[in-house]
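Commentary on secondary and tertiary structure
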Number of protein chains: 2
Amino acid sequence: MSMKKLVITEMNYNKEAYAHFGTKFLIGNGYMGVRGTMEEYGAEYMPAVNIAGVYNLASPEKWRESLNAPNPFFAKLFVDGEELSLPNSADKVVFHEHKLCLTCGIHFRKTTFKTAKGNVTIETQRFASMTNFNTLAIKYSVVSDYDCLSKIVSGIDGVVWDINGPHFTSFNVTDNVVTGICDSGVSVTTSAKDIPFGDVTNSKIENGEKSTMNELSFSAKKGVEFGFSKIAFVQTSLDDKISKEPRKANFLLKYDDLRNEQKQYWEEFWKNSFVSIEGDEKAEIALNYSIYSLQIVAPRHANALSIPARGLSGQVYKGAVFWDTEMFMLDYFILNDPKTAKTLLKYRVDGLKGALEKADREGYNGAFYAWESHEDGIEACSKFNVTDVFTGRAVRTYFDDKQVHISSAIAYGMKKYVSMTGDYSILFEGGLDVVVECANFYLSLLTSRIFPKAGSPRKLEILDVVGPDEYHERVSNNAYTNRMAKFVFEFTLEALNIAKKAIKKNPSLYPFPESLNALKAGLKKIIPDMIDPKVNKDGVIEQFDGYFDLEDVSVDEVRSRLKDPREYWGGSNGVAYPTQVIKQADVVTMLAIFKDEFEKETMQANLDYYEPRTEHGSSLSACMYGLLQCFCDVPDCAYPMFLKSAEVDIVAPKKLWAGGIYIGGSHPASWGGAYQMLVYGFAGLKHNTKTKGKSSISFDPHLPKHWKRVSFNMTIEGKKYSVKITHDKVELNQI
Amino acid sequence: MSMKKLVITEMNYNKEAYAHFGTKFLIGNGYMGVRGTMEEYGAEYMPAVNIAGVYNLASPEKWRESLNAPNPFFAKLFVDGEELSLPNSADKVVFHEHKLCLTCGIHFRKTTFKTAKGNVTIETQRFASMTNFNTLAIKYSVVSDYDCLSKIVSGIDGVVWDINGPHFTSFNVTDNVVTGICDSGVSVTTSAKDIPFGDVTNSKIENGEKSTMNELSFSAKKGVEFGFSKIAFVQTSLDDKISKEPRKANFLLKYDDLRNEQKQYWEEFWKNSFVSIEGDEKAEIALNYSIYSLQIVAPRHANALSIPARGLSGQVYKGAVFWDTEMFMLDYFILNDPKTAKTLLKYRVDGLKGALEKADREGYNGAFYAWESHEDGIEACSKFNVTDVFTGRAVRTYFDDKQVHISSAIAYGMKKYVSMTGDYSILFEGGLDVVVECANFYLSLLTSRIFPKAGSPRKLEILDVVGPDEYHERVSNNAYTNRMAKFVFEFTLEALNIAKKAIKKNPSLYPFPESLNALKAGLKKIIPDMIDPKVNKDGVIEQFDGYFDLEDVSVDEVRSRLKDPREYWGGSNGVAYPTQVIKQADVVTMLAIFKDEFEKETMQANLDYYEPRTEHGSSLSACMYGLLQCFCDVPDCAYPMFLKSAEVDIVAPKKLWAGGIYIGGSHPASWGGAYQMLVYGFAGLKHNTKTKGKSSISFDPHLPKHWKRVSFNMTIEGKKYSVKITHDKVELNQI
């Protein structure tokens, strides 16, 4: 397959789709994401230059969230005094095309308006520079098929779209520079330089309270392009803290040069990271779209930063970092860009302080990571995270204080990074502390009944949690949570052994406190006493104590009970709560992670049981089902799950609301999940480090019938491999 | 004060008040209660002959509830062909009086209709015989001030008011006898005999599908009374099981004889149980109304039966028995009618089987008594006990499976009975098993964290419960529940000692199993390890873990957040849930029970803190606040609480709905609470059995300022005393 096919296109203008297209046509460079909205859109159509890792709280009754920078891509066209813009002039549109070139990382737009005198066409191309992290660029061209007098208002729009804003309480506006300043002192500056082309008759700058606008007047001849190119720079007061190198505005940069750099970057990138799926162009495009999408949110500019659950597509979910990163996205980076993988994990090292504080606040020891993490591990999750659609009241939810499996995801991320990269350095850069404190956290969660029910052994239990299926709050002995807690104990022992060996070789590396020996002894004693999950006669693992006793009805039946489509399904008033219907993979995720501990029959029995009971109300769900289906050797069942994950942001979204809260935006975990399905599921990659420290790479492929060949590169333990898999053959070559 | 004042009267007809008056003018005899509705009312105006202890489930999607018998008091008047009935002829009413004579236990009604020709007056008197438990009697007289032709349709109406019915799926109707038969096989038969008086011109019986009606025609002369008297009998297929003696229909009984017996019974009764409050007629009437009300629901006919939370006023709360009996009503019976007190407790002995089964079902040992108990301790409480008013959906509630303090109430009832009556026999008639199994239950609830938070000792906790304040579901270490669990352990030790001593004297009494010695040792070890309640700097005890962190707003503010007055305040979507506003006394109940363990300052600090945060949304609340206010020596603050409790069913109800469920009906716990306030609070009775087995009676009176003298009789340890208390003097005389 040739690379030129990696283009996402939408024809025709659809006013209603602005939110979806803003996400689907996202560009970005890790420092920021820019939504694929039209240049002329104001805040009501959700344009955003969403900045990574910079947060603010606008007022106490609102939620802390990431910031959107003043928008330097704003531009509006007037021809012979008539405004030609969307959506106002939608009735004049005779051609419209929206394009995202994944091959070159550029967003294209072309719109032709039919006026009384003839046709006027706007063409734009724009990108977020992958090589200059604070830099955006746009070229805006107009051509008319008749002579006219035109004006383009091009500028920096400081009236940004905010969900829990407005954040900027004061502005500093000078020619071509807008600085928005928050009460917290955090500020964001956008500066830009327009270089007009064509027959410019006048140019003046109008500075408003929040915006600066360049009014460019043209005397346009039929068929002769006019317009401008613009280089823009976004800087924040936290750049020095977050970024590896200071971000400066460099107005010497030229649009064409930047564009060439951009094309080169992506060319190099795809050489390494393109995944070829011969026999399935649709799947190939979707998966590479996922890869593109992960890459444009990768925090390559930072030492320690992670990826929000909605990427850089806006402020949905507060721009916060969830378990999504470690559980779903991390593998892509480990196998393609280990440096960024380490950056993601170092974010958690920096977040340890917040996690220790949260544990203390909630009455536990160790590290209780934020369910919705902001900088320094601050918990951004409200205890009232859902709005009741009938009363408008905030409802007490338990995402932050009961979804205790979050800390296990961090440890699991460490484990994956260390074993697959072979790079233990993270452990000595704070990672070991993270792992140990996660273990301490789960130890402090363990409870035991003094006089258990007659006939039952006295076991260690974890009560009153929320598992991955968030619809059932406050459950006990969630199988996933319990197994992950045990994993943390196991990996802590492993990490302590690794550390001890390394310290033996190099005593200056790290001080190994004696208390850790006590911890080791304690963990060894504890692990066998942990309660086992309950299993029914068919081998189905009960998701939590009492789950099998809940009403057993179909997802459709539960859906039919909704009185308002925006209702939250979970929580004790939700339609799913009293039933066995779950939001997303829970037991299935556990089985996918610990697949080597279960028979195929058990995994299949659990798939058969849980799949029809799963709403897949989270984009994290399909890929886990798909992975397990691959492990059960039914890749054709897995295939729709794969497409669902990879295409999540390509197809129109089904569910934009949960309990009154807008949840649109992009789905990095789903992209990462699709990638995992490809590599671990269909290709069947196994990386085993267990045998006497020696690692091995093997494949147990399960290709869908209609796939001919899957090819990709990957890096394991510092070595780069090319992989080619057909139905008959596996080729693994170091390159 | 003379006894003739003990009359409750309502003048004027108020159509809307039918539900309230049905409750307020209740008559009954323990076997059944008859609502104070008009004779001509059909099911829509909630007449009921509500039977004690007989339950049925109409269909799986409904709730099990008590049964209403076919109504033998039905009668309707026609004068010259014109129906004169309420509410249809309300516009013709020129006089209306509704009266309940507490002194004689008779309900009176008088209504004068103005017709085109003149006035027609109906007068009725009716009662439930206190001496013939299955017997009802009515006298129905009419007099007109002009000559007329009249017809009275008098019969047995089988179309009964049901909440979760209809229960009777088939009927057997013969002349003057209606039997309603449930699918379960349970049947209820009402038979009746009309004896007309006046100039009867015709009499014929019409039997319908569910009813039998006697059409009595009269040629009435101006000023000459006509009508009928009727003796009716109610029998159920469970009479032999429940009642001490078989219930027969005895048509030889005459109305006047029965009425004389009734008057004699009540005369005797008041001689013993009247409480005089000199200086406060209102309080005196209200308290004696409470005493009357308790007496008409006392199961004197049964060996082992208890009183439903809504008495015998209908099927509200399923006709089920709650903790109300042991915590609120029992003391009245202990001090006035110890035999009935024992009957109430024997109900719990019979219910042990159900309690053991419930504990097993819910994963515990021992006896987990039903939150809403039906016969044999069957749990009648639904796990979906509240309806969301916005969606119409049943909401998962935790009354049955988390309100674990219920079992402690049973043990507490045993303790009160044994110590105040001095009668240990209940222990050897199953009571000791009850107490021991309650202890086993609480033992199995105890959990411990293996690695508690750094700096905290490892303590035994009770997690995830619902305390008396039901608005906050699923809380941990509810101070009341924990203290009551400890009480159960303490009383179990005491009861075992009592039993051991008694067995030593009389080895044939009871086999004392060796395992109980182990239990004793275990309890002694456990008690000191139980977690102490958290106390703030002012001595305020935290209701449960995290209570002080909840939003601290006023009851009015919380009420103002309701979007629908029928909303349930509790549960995680309720307005009270995220706040410190509580439904009813919780910590305060604990302090009132264990008052000797606390300083007066502590009790006052807790009153000051909790009272403004209490909605008093339960009729169980005011009396506990009032009691504690007496113990804090502020009886004038307690006085409004006393009136609120004693007058609960006299004044118009404020709240008839909770989460879409009708909760009207009478309030026996509130009557009993008012009685407790009088005896323990204002009179300050203390009965102490602790000193070397020797008991003592003392008084620490706290009379409200305007009270002159309180006088009452009581029976303690088999001895009857008269008590007279003024502000200066206490007189206690054995009589």
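Please refer to the structure higher up on the page.
Counting restarts for each chain, with residues numbered from 1 along the sequence as it is written. The order in which chains are written sets their letters, starting at A; the order in which ligands are written sets their numbers, starting at 1. Local features in a predicted model are, by the rule used here, given only for residues with pLDDT of at least 70; side-chain atom pairs are given and counted only at 80 or more, and totals for whole chains, interfaces and linings are based on all residues. By convention in this description, side-chain values take in all heavy atoms of the structure and omit both hydrogens and water.

**Some remarks on the overall build of chain A**
Applied cut-off: The numbering of helices and of strands both runs from the N terminus, where a helix is a DSSP run of H or I of at least 4 residues and a strand a run of E of at least 2. Type-normalised accessible area, obtained with a 1.4 Å probe on protein chains alone, sets the label of each residue: buried when under 20%, exposed when over 50%, and partly exposed for intermediate values. Contacts: residue pairs with any heavy atoms within 4.5 Å of one another. For the area figures, the Shrake-Rupley method with a 1.4 Å probe applies, and any residue is considered shielded solely by the protein chains shown. By the counting rule applied here, Lys and Arg register as positive and Asp and Glu as negative, while His and the ends of each chain are not counted. Think of each charge as sitting on NZ of Lys, CZ of Arg, CG of Asp or CD of Glu.
Looking only at helices and strands, one finds 18 helices and 29 strands in chain A. Here the C-alpha coordinates of chain A stretch approximately 90 × 60 × 60 Å along the principal axes. Evaluated residue by residue, chain A yields a buried proportion of 64% over its 735 residues. A sequence separation of at least 24 residues applies to 67% of the contacts in chain A between residues at least 6 apart. When the accessible surface of chain A is totalled, it reaches about 26300 Å², and 50% of it is carbon and sulfur. Taken as two groups, the 86 positive and 92 negative side-chain charges of chain A have centres that lie 4 Å from each other.

**With respect to the side chain of T135(A)**
Here T135(A) shows up in strand β11 (residues 135–144). Those residues within four positions of T135(A) in sequence are excluded, and the remaining contacts are N29(A), M32(A), F127(A), A128(A), S129(A), I231(A), A232(A), F233(A), L253(A) and L258(A).

**Details of helix α12 (residues 515–526) of chain A**
Where we set the bar: The length a helix should cover is 1.5 Å for every residue beyond the first.
Over its twelve residues, α12(A) runs 16 Å from end to end, which matches the ideal 16 Å to within 8%, given 1.5 Å per residue. Taken together, the buried residues of α12(A) touch α10 (425–445) and α11 (479–505) of chain A.

**Examining the relation of the copies chain A and chain B**
Applying a rotation about an axis and a shift along it to one chain copy brings it onto the other copy. Applicable threshold: Overlaid copies result from least-squares superposition on C-alpha atoms, with residues included only where pLDDT is at least 70 in both.
Overlaying chain A on chain B yields an RMSD of 0.0 Å, the required transformation being a rotation through 179° with an accompanying axial translation of 0.0 Å. When the rotation and shift are considered jointly, the pair of chain copies conforms to a two-fold rotation axis. No C-alpha of chain A lies nearer the rotation axis than that of S448(A), which sits 2.8 Å from it. Comparing contact sets, 100% of the residues at the interface of chain A also lie at the interface in chain B, consistent with an isologous, same-surface contact.

**Structural notes on α10(A)**
Our working definition: Bend, at a single residue, is the angle you get between axes fitted to the 7 residues ending at that residue and the 7 residues starting at it.
Here α10(A) spans 29 Å end to end across 21 residues, near enough to the 30 Å set by a 1.5 Å rise per residue. At G431(A), α10(A) shows its maximal bend, which comes to roughly 70°.

**Side note on the interface of chain A and chain B**
Quick reminder of the rule: As a working definition, buried area equals the accessible area (1.4 Å probe) given up by two parts on being put together, with both sides summed. Any carboxyl oxygen of Asp or Glu within 4 Å of a side-chain nitrogen of Lys or Arg constitutes a salt bridge here. Any pair of N or O atoms that falls within 3.5 Å is considered a polar contact. Within protein, one atom must be able to donate a hydrogen and the other to accept it, and sequence-neighbouring residues count only if both atoms are side-chain atoms. All residues other than Ala, Val, Leu, Ile, Met, Phe, Trp, Tyr, Cys, Pro, Asp, Glu, Lys and Arg, Gly among them, are scored as polar; the first ten of these are nonpolar and the last four charged. At least two DSSP bridges between two strands are required for those strands to pair.
Taken together, the contacts link 39 residues of chain A with 39 residues of chain B. Carbon and sulfur atoms supply 50% of the area buried between chain A and chain B, which totals about 3400 Å² over both sides. The largest share of the area that chain A buries against chain B comes from R393(A), F451(A) and N573(A), three residues that together contribute 19% of it. Applying the counting rule to chain A against chain B returns four salt bridges. Counting the contacts that link chain A with chain B gives 25 residue pairs in polar contact (both at pLDDT 80 or more). Elements represented by at least two residues in the side of chain A that touches chain B include exactly α10 and β22 (447–449) of chain A. Class assignment for the residues of the side of chain A that touches chain B results in 18 nonpolar, eight polar and 13 charged. Pairing between β22(A) and strand β22 (residues 447–449) of chain B: three bridges, direction antiparallel. Among the inter-strand pairings, R449(A) is bridged to a residue of β22(B), identified as T447(B).

**Points about the sheet that holds strand β3 (residues 32–34) of chain A**
All names here are of chain A. Read across the sheet, four strands follow the order β2-β3-β4-β5 without closing on themselves; strand pairing throughout is antiparallel. Bordering the open sheet on either side are β2 (27–28) and β5 (65–69), each of which pairs with just one other strand. Two elements, strand β4 (residues 49–56) and β5, share four bridges in a ladder whose sense is antiparallel. When the bridges of β5 are listed, Y55 appears paired with S66.

**Some thoughts on the nonpolar core**
Put simply, the rule reads: Only buried Ala, Val, Leu, Ile, Met, Phe, Trp, Tyr and Cys residues count toward a nonpolar core, and they belong to the same one when joined by side-chain atoms within 4.5 Å.
By size, the foremost hydrophobic cluster in this structure holds 231 residues, and its most contacted members are L77(B), W323(B), F489(B), F642(B), L678(B), W707(B) and F712(B). Of all the elements, helix α11 (residues 479–505) of chain B adds the most residues to this core, at 15 residues. Setting aside residues no more than four positions away along its own chain, W323(B) makes contact with F328(B), R348(B), W371(B), H405(B), I406(B), A409(B), P468(B), Y480(B), Q584(B) and L620(B). W323(A), L344(A), V434(A) and C438(A) belong to the second largest nonpolar core, which has 230 residues in total.

**Side note on the sheet that holds strand β10 (residues 119–128) of chain B**
All names here are of chain B. The condition that has to hold: Axis geometry follows a simple rule: fit a line to the C-alpha atoms, using only the stretch in contact for helices, then measure angles between N-to-C directions, giving values from 0 to 180 degrees.
Sheet architecture is open: nine strands sit in the order β1-β8-β9-β10-β11-β18-β15-β14-β13, paired in antiparallel fashion. Lying at the two open borders of the sheet, with one neighbouring strand each, are β1 (7–11) and β13 (170–174). For this sheet, the mean inter-axis angle between neighbouring strands, taken without regard to orientation, is 15°.

**Observations regarding the packing of aromatic side chains**
All names here are of chain A. Quick reminder of the rule: Here is the rule: rings of Phe, Tyr and Trp (six-membered ring for Trp) pair when centre to centre is within 6.5 Å. Planes less than 30 degrees apart are stacked, more than 60 are edge-to-face, and the remainder are tilted.
Within the structure shown, the criterion is met by 85 aromatic pairs over all chains. Their ring planes at 35° and their centres at 5.7 Å tell us that Y547 and Y610 sit as a pair that is tilted. Placement of Y547 in the loop between α12 and α13 (555–560) and of Y610 in helix α15 (residues 600–610) is noted, with a sequence separation of 63 residues between them. With respect to burial, Y547 and Y610 carry one shared label: buried.

**Topic: the pairing of β10(B)**
Residues and elements named next belong to chain B. Most of β10 sits inside the fold, with eight of its ten residues counted as buried. As defined by bridge partners, strand β9 (residues 106–114) adjoins β10 across eight bridges and the pair is classed as antiparallel. Bridging from a neighbouring strand, T111 pairs with I122 of β10. Two successive antiparallel strands, β9 and β10, enclose a turn made up of four residues, where G118 displays a positive phi of approximately 160°. As paired elements, β10 and strand β11 (residues 135–144) share nine bridges and run antiparallel to each other. By the bridge assignment, R126 is partnered in β11 with I138.

**Concerning unusual backbone geometry**
Residue and element names in this part refer to chain A. A cis amide bond, omega -5°, links G165 with the succeeding residue P166. Here P166 is to be found in the loop between β12 (148–157) and β13 (170–174). Located in the positive-phi region is N477, a residue other than glycine, with phi close to 50°. Its identity as a non-glycine residue notwithstanding, E717 has a phi of 45°, on the positive side. With respect to the helices and strands, E717 occurs in the loop between β27 (709–716) and β28 (719–726). Residue classification places E717 among the partly exposed positions, given a relative accessible area of 30%.

**A few points about the pattern of salt bridges**
Two side chains that carry opposite charge are able to pair once their charged atoms sit near each other. Residue and element names in this part refer to chain A. Taken as a whole and judged by the stated rule, the model has 82 salt bridges over all chains. Residue R348 pairs with E326 through a salt bridge whose shortest N-O separation is 2.7 Å. Of this pair, R348 sits in helix α6 (residues 338–350) while E326 is found in helix α5 (residues 324–336), placing the two residues 22 residues apart along the sequence. A residue is classified by how much of its surface remains accessible, and R348, at 1% relative accessible area, is buried. The structure contains a network of salt bridges with shared partners spanning E39, E40, R109 and R126.

**Focus: the packing of α6(A) against helix α9 (residues 406–421) of chain A**
Residues and elements named next belong to chain A. Condition: In a left-handed crossing the near helix is turned counterclockwise from the far helix by less than a right angle, and in a right-handed crossing that turn is clockwise.
Look at α6 against α9: their axes get within 11 Å of each other, and the N-to-C directions meet at 145°. The crossing of α6 and α9 is left-handed. Taking contact as the criterion, the partners of P338, A341, K342, L345, R348 and V349 in α6 are, on α9, I406, I410, G413, M414, Y417 and T421. In terms of residue class, the contact of α6 with α9 is built from eight nonpolar, two polar and two charged.

**Some points on the pairing of β11(B)**
Residues and elements named next belong to chain B. Most of β11 sits out of view: eight of its ten residues are buried. Counting the residues that bridge the hairpin from β10 to β11 gives six residues. With eight bridges joining them, β11 and strand β18 (residues 226–236) adopt antiparallel strand pairing. Paired with I138 across the bridge in β18 is K230.

**Here we look at the environment of A128(A)**
Within the element layout of this structure, A128(A) appears in strand β10 (residues 119–128). Each residue touching A128(A), except ones within four places of it in the same chain, is listed here: I27(A), G28(A), N29(A), T135(A), L136(A) and Q262(A).

**With respect to the packing of helix α3 (residues 255–273) of chain A against helix α4 (residues 281–296) of chain A**
The description of two packed helices rests on the angle between their axes and on the distance between the axes. All names here are of chain A. In plain terms, the rule: Working rule for angles: under 35 degrees goes down as roughly parallel, over 145 as roughly antiparallel, 65 to 115 as roughly perpendicular, anything else as oblique.
With their axes 12 Å apart at the nearest point, α3 and α4 run at an angle of 125° to one another. In terms of orientation, α3 lies oblique with respect to α4. Here α3 runs over α4; the crossing is right-handed. Contacts between α3 and α4 involve Y265, W266, F269, W270 and S273 from the first element and N288, I291, Y292, Q295 and I296 from the second. Here the residues of the contact of α3 with α4 are counted per class, giving seven nonpolar, three polar and no charged.

Purely geometric numbers; function is a separate question.
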